[in-house]
Amino acid sequence: MRPTWADISLPAIAHNVGLLAELVHPAELCAVVKADAYGHGMVPVARTAVDAGASTLAVALVDEGCQLREAGIDTPILLLSEPRPNEFAQVVEFELVPTVYQGEGLAAAAAAAAAADERLPVHLKVDTGMARVGAPPAEVMMLADAIADRDTLELAGVWTHCAVADEPDNPFTAYQIEQYNHLLSRLRLGGHHDFCRHLANSAVAMLHPAGRFDMVRCGIAIYGIPPSPALAGCLPLQPAMTLRTEVAMVKTIAAGTSVSYGHHYTAPADTQLATIPIGYADGWTRRLGVSGGEVLIGGRRCPIAGVVTMDQTMVDCGLDHSVSPGDEVVLLGRQGSEEITATEIAERIDTVAYEIVCHLGRRVPLRFS
């Protein structure tokens, strides 16, 4: 078996969920487990999150919700995007809670519920400044009325999403909260009262108590990763993922030897070069080799030598470091007193920590503890 894997700490997930649930109380916690729980394994993470205090789960796709139901999870599951019209029969069959924001989606939801002789709860999403999906504020009252006029539908929630909440000093988050509150006032005046209000993602939950409302949707924070470098240390989160492999080969190369495709790295001195069996096909980004990426071997940081290849990565271990085939290598996580975080890796390649964990490839098995 290929010695490359990711350890997922379910106790760390439970710790983070419990910490966030306590922070936002009396608001409820919705655990976002889309994209295979940000690469951490959707079903085990979902079960752990519910046991630790999450009252709702959220996914992006109907297929993801169905997978959770087939695993025996009966917790409410919110779909964060409006399903295609032909998917609403599955939504009803698997008792998922869809988000709607277009007339076509609303009509399809009502038709599917009527065909099954069911009453389907739906959440109405409004776009207050993300400009991704969601109804324009001017259309929300019309859509809320249309939901209320259908016996087969129930307006169970009204929500929005914040665009810059991970930037603590950006005033746009306060603006979005204000716009959302204004919308809620209009809905109340229009006779719509009994629904779940939710706006907060992880960053809002951590920084903006006024944005917590009835429920918060926490994704990245439940995996122990701050939403942005600016929020590192705000809460004692515990990273849940450790990415490991083993040294496959060690050779000594002379000063001036160039390494990997393109010869972008040349050894400045005689050194030990370790080859490890993980590459960009596993989600270990190719650019790390030319962006200062490092790994941990024997509790020490060792630089990646040259570009990461599809299946393998080379590491400059120096001559003063004892390295042998079979030695453990940590690419993400802690080894001894050293730690490499998803935030650190993301900063090296100018992306976000979400992408680092979500890009973990299918060839990398998850081991749960």
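These figures come from a predicted structure and were not determined experimentally.

*Asks:* For the pattern of salt bridges, give the residues involved together with the corresponding values.
*Replies:* Working definition: two side chains of opposite charge can pair if their charged atoms are close together. Taken as a whole and assessed by the stated rule, the structure comprises 15 salt bridges. R244 is paired through a salt bridge with D7; the nearest N and O atoms lie 2.5 Å apart. In this pair, R244 is assigned in strand 10 (residues 241-246) and D7 in strand 1 (residues 5-8), connecting sequence segments 237 residues apart. Each member of the pair R244 and D7 is classed as buried. One salt bridge in this structure joins E344 and R301, with 2.9 Å as the shortest N-O distance. Of this pair, E344 sits in helix 10 (residues 342-348) while R301 sits in strand 16 (residues 300-303), and the two are 43 residues apart along the sequence. One network of salt bridges, with partners in common, ties together E294, R301, E338, E344 and R348.

*Asks:* Report on the packing of helix 7 (residues 137-148) against helix 8 (residues 172-189), specifying residues and quantitative values.
*Replies:* It is at 10 Å that the axes of helix 7 and helix 8 come closest, and there the two elements cross at 30°. As summarised for this structure, helix 7 and helix 8 are arranged roughly parallel, according to the angle between their axes. Remark: the crossing between helix 7 and helix 8 carries right-handed chirality. Residues P137, A138, V140, M141 and A144 of helix 7 touch helix 8, and the partners they reach there are L183, R186 and L187. Among the residues forming the contact of helix 7 with helix 8, the class breakdown is 7 nonpolar, no polar and 1 charged.

*Asks:* How would you explain unusual backbone geometry if you had to name every residue and give the values?
*Replies:* Among all residues except glycine, the phi angle is most often negative; among peptide bonds, the trans geometry is most common. For the peptide bond that leads from H25 to P26, omega is 15°, which places it in the cis range. With respect to the helices and strands, P26 occurs in the loop between helix 1 (10-24) and strand 2 (28-32). With a phi close to 55°, A35 is a non-glycine residue in the positive phi region. For A35, the location among the structural elements is in helix 2 (residues 34-39). The backbone of D117 sits at a positive phi, close to 55°, despite the residue not being glycine.

*Asks:* Kindly report on the packing of aromatic side chains, identifying the contributing residues and their values.
*Replies:* Under the counting rule described, the total for this entry stands at 4 aromatic pairs. With centroids separated by 6.2 Å and ring planes inclined at 35°, the aromatic side chains of Y38 and Y354 adopt a geometry described as tilted. Here Y354 lies in helix 11 (residues 353-358) and Y38 lies in helix 2, a separation of 316 residues in the sequence. In this structure Y38 comes out as buried when scored by relative accessible area, which is 7%. Across the ring face of W5, the terminal group of R367 is positioned such that the distance to the ring centre comes to 4.2 Å.

*Asks:* Outline the sheet that holds strand 17 (residues 313-316), supporting the account with residue identities and numerical values.
*Replies:* Here we have 3 strands laid out as an open sheet, ordered 11-14-17, and antiparallel in their pairing. In this open sheet, the two strands that pair with only one neighbour each are strand 11 (249-253) and strand 17. The mean inter-strand angle of the sheet, taken between neighbouring strand axes irrespective of direction, is 30°. Judged from the 5 bridges that link them, strand 11 and strand 14 (residues 271-276) form a sheet pairing that is antiparallel.

*Asks:* Explain helix 3 (residues 42-52) to me, using residue names and the numbers behind them.
*Replies:* Those residues of helix 3 not exposed but buried are M42, V43, V45, A46, T48 and A49. Looking at the buried positions of helix 3, the neighbouring elements they touch are helix 1, strand 2, helix 2, strand 3 (56-59) and helix 4 (62-70). Within two residues after helix 3, G53 carries a phi angle of roughly 130°, on the positive side.

*Asks:* Please set out the pairing of strand 6 (residues 120-125) residue by residue, giving values where relevant.
*Replies:* Counted residue by residue, strand 6 has 5 buried out of 6 residues, so it is predominantly covered. Bridge analysis of strand 5 (residues 99-100) against strand 6 gives 2 bridges, and the strand direction is parallel. What sits directly across from T99, in strand 6, is H123. Taken together, strand 5, helix 6 (residues 103-115) and strand 6 form a β-α-β motif whose crossover is right-handed. With 6 bridges joining them, strand 6 and strand 7 (residues 153-159) adopt parallel strand pairing. Opposite V122, over in strand 7, you have L155 as the bridge partner.

Conventions used here
Within each chain, residues carry numbers counting from 1 in the order of the written sequence. Whole-chain, interface and lining totals are the exception, using all residues; otherwise, since this is a predicted model, local features are given only for residues with pLDDT of at least 70 and side-chain atom pairs are given and counted only at 80 or more. With hydrogens and water excluded, all non-hydrogen atoms of the structure serve as input to the side-chain values. Each reported salt bridge corresponds to a side-chain nitrogen of Lys or Arg within 4 Å of a carboxyl oxygen of Asp or Glu. Helical segments are the DSSP runs of H or I of at least four residues, strand segments are the runs of E of at least two, and each set is numbered from the N terminus. Relative accessibility thresholds used throughout: buried, under 20% of the residue-type maximum; exposed, over 50%; partly exposed, between the two (1.4 Å probe, protein chains only). Each axis is a line fitted through C-alpha atoms, and for a helix only the stretch in contact is used; angles between axes span 0 to 180 degrees, taken between their N-to-C directions. These descriptions rest on fixed angle ranges, namely under 35 degrees for roughly parallel, over 145 for roughly antiparallel, 65 to 115 for roughly perpendicular, and the rest for oblique. Each crossing gets its handedness from the near helix: less than a right angle anticlockwise from the far helix is left-handed, clockwise is right-handed. We call two residues in contact when some of their heavy atoms are within 4.5 Å. For this classification, Asp, Glu, Lys and Arg are treated as charged, while Ala, Val, Leu, Ile, Met, Phe, Trp, Tyr, Cys and Pro are nonpolar and the rest, including Gly, are polar. Aromatic rings from Phe, Tyr and Trp, taking only the six-membered ring of Trp, are treated as a pair when their centres fall within 6.5 Å; an angle between ring planes under 30 degrees marks them as stacked, one over 60 as edge-to-face, and anything in between as tilted. By definition here, charges over rings are those cases where NZ of Lys or CZ of Arg is within 6 Å of the ring centre and within 35 degrees of the ring normal. Note: two strands are recorded as paired if DSSP finds a minimum of 2 bridges between them. The crossover handedness rule: strands pointing away from the viewer, path from first strand over the helix to second strand clockwise, crossover right-handed.

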